[in-house]
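The chain contents come next:
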Amino acid sequence: MDLDYKFLVQTFYLVLGAIPTTLKLTFVSLLAATPFAFAIAMVRRQSGRRILSQIVKAYVTFMRGTPIVLQILMIYSVLPSVLNAVALAWNLPINVFDWDPVLYAYIVFTLNTIALLSEVFRSALGSVVQGQMEAALCAGLTRVQAYIHIILPQALVSAMPNLCNLTINLLKGTSLAFLMTVKDMTAVAKVAASYGYNYIEAYMDVLVGYVIVCSIVQVLFHFAERHVGRYRLVRQK
Amino acid sequence: MRPFSPDFMFGVVPMLLPFLGVTLAVVVGTVLAGSLFGGLLAWIRMGRNTILRYVAEAYIYMIRCTPSIVMLFVVFYGLPKFCLEVFDTNINDYDKIVFVWITFILLFSAPISEVMRSAYESIDHGQYEAAVSIGLSPWQAFFHIVLPQATVTALPNFGNSVINLMKEGSLAYTIGLVDIIGKGQLIIAHHYGAYALETYLALAAIYLLLTLGVEKSFLYLEHTFSASEKIS
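Presented here is a report on the structure given in the accompanying data block. What you see is a predicted model; the values in this text were computed from it and never measured.

Describing the packing of helix α2 (residues 19-45) of chain A against helix α5 (residues 102-126) of chain A
Axes are the key here: two packed helices are described by the angle between their axes and the distance separating the axes. All names here are of chain A. Two numbers describe how α2 lies on α5: the axes approach to 5 Å, and their chain directions differ by 45 degrees. The orientation of α2 with respect to α5, classified from their angle, is oblique. When you trace α2 past α5, the crossing you get is right-handed. Looking at side-chain class alone, the contact of α2 with α5 contains 19 nonpolar, six polar and five charged residues.

Some thoughts on the pattern of salt bridges
Summed over the entire model, instances satisfying the criterion amount to seven salt bridges over all chains. Residues participating in the shared-partner salt-bridge network are Arg45(B), Glu57(B), Glu114(B), Arg117(B) and Glu121(B).

Comments concerning the nonpolar core
Leu25(A), Phe109(A), Met180(A), Val100(B), Val162(B) and Tyr200(B) are the most contacted members of the largest nonpolar core, which totals 133 residues. Ala119(B), Ile123(B), Val146(B) and Ala150(B) belong to the second largest nonpolar core, which has six residues in total.

A few points about the state of the cysteines
Taken as a whole and assessed by the stated rule, the structure comprises zero disulfides over all chains. In this model Cys164(A) remains outside any disulfide bridge; the closest cysteine sulfur is found in Cys214(A), 9.2 Å from its own. The exposure class assigned to Cys164(A) is buried, which follows from its relative accessible area of 8%. There is no disulfide at Cys65(B), and the cysteine sulfur nearest it, in Cys214(A), is 4.1 Å away.

Here's the deal with the packing of helix α1 (residues 5-17) of chain A against helix α9 (residues 199-228) of chain A
Residue and element names in this part refer to chain A. Packing of α1 against α9 leaves a shortest axis separation of 9 Å and a crossing angle of 45 degrees. In this view, α1 runs oblique relative to α9, as classed from their interaxial angle. Relative to α9, the crossing made by α1 is right-handed. Along its contact with α1, which presents Phe-7, Leu-8, Thr-11, Phe-12 and Val-15, the element α9 presents Glu-201, Ala-202, Asp-205, Val-206, Val-208, Gly-209 and Ile-212. Here the contact of α1 with α9 is composed, by residue class, of eight nonpolar, two polar and two charged.

The rules we used
- Residues numbered from 1 in each chain as written.
- Chains lettered and ligands numbered in written order.
- Predicted model: local features only at pLDDT ≥ 70, side-chain atom pairs only at ≥ 80, totals over all residues.
- Heavy atoms only, no water.
- Axes fitted to C-alpha atoms, helices over the stretch in contact; angles between N-to-C directions.
- Helix = DSSP H or I, 4+ residues; strand = E, 2+ residues; numbered from the N terminus.
- Parallel < 35°, antiparallel > 145°, perpendicular 65-115°, else oblique.
- Left-handed = near helix turned anticlockwise from the far one by under 90°.
- Nonpolar A, V, L, I, M, F, W, Y, C, P; charged D, E, K, R; others polar.
- Salt bridge = Lys/Arg side-chain N within 4 Å of Asp/Glu carboxyl O.
- Core = buried A, V, L, I, M, F, W, Y, C linked by side-chain atoms within 4.5 Å.
- Buried < 20%, exposed > 50% of the residue type's maximum accessible area, 1.4 Å probe, protein only.
- Disulfide = S-S within 2.5 Å.
- Contact = heavy atoms within 4.5 Å.

What follows is the structure, given as structure tokens:
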């Protein structure tokens, strides 16, 4: 199969250059989602607050039950005009359509990650036995102290593998940001390919790019997992 | 801004539903062929051939790192060229669903092979030994003793994979397949971009029902199978 090797190499550098955008999309969304996801996990774990619990449950179900493409299309088709209408109604001196589309990408991926992350947190918090909390309270810690010093460090250990999976999936999911004209790895290659119809070479570059980035993320998580699990009595293989 | 039109949202559903068949065909075809291929991968990974095992492991690792959309584009643009140059056959005119199937079979087989492998390994080897010792052939032991038990263990993860596949399958519209999302896009284009939110919400509702339906059916299957397990 004859490929345009010059183009292959050139585009590969282009794709490598867009890795920061992909990483930024992934980690900004992840960080922005963390507090909300934690709040949702806490709400769903408490027995009271039935209405609020039902609302967040509906949100999580919706986000997990619909394809992320639809969420992207939905938000990208509606949010700009809604914001514009708001700006016009209040006579705000801003032009929404001048904003960098990456903003909408952050919003979509954060909203999606909140739902997925809250499930990870919920199961992780559930894996810490109730006695831990009781023991911490008996020893004189406040509830907040108990969470920070006792519950969370233990929950994090069991959350790590799921967190790694979530991050990898999010990283792969950001490849859809091109639908919002964000110039991430996929978009850069797509644009480069469209000049000479060299799609195969371009997408092969993207594929290799993602394998590299994902490998780095997995290695980082491997070390993070070892770090948070360092007080475990029995080391897992 | 134009007010939201609930009428259109409900009105668009009957227009979308005829194309549900295409969406489901993508899922069902992929699950069937992908499971076969995934089973083959799992068998290779647990087999004795070291080289094949490394190849399978590398493949599974690579798929885990590949976004569906990139794989879809690689198959859609790359495969026709590959077939033309290597086999001298023109597959450019093939229906787009063929490329979608190939893509998702490649993508689905990797996680499903891991599901199958972990389910197989969760079954105590003594079960197989006991079966062989009472005179079953290795194949009989596998099909009548190990496989039914492994299926029950694999069900929850299998269901998750199917749901993920269903959601990823929605990407097929990007190469021009007219499934429900593709039809939705056509409807939106037909109205010059108006009614986008209404159409997408209708699509979201359909997908939500589908994923919940799959989830519930797998829970039901799991319940039925593990019930028979407990009685015996």
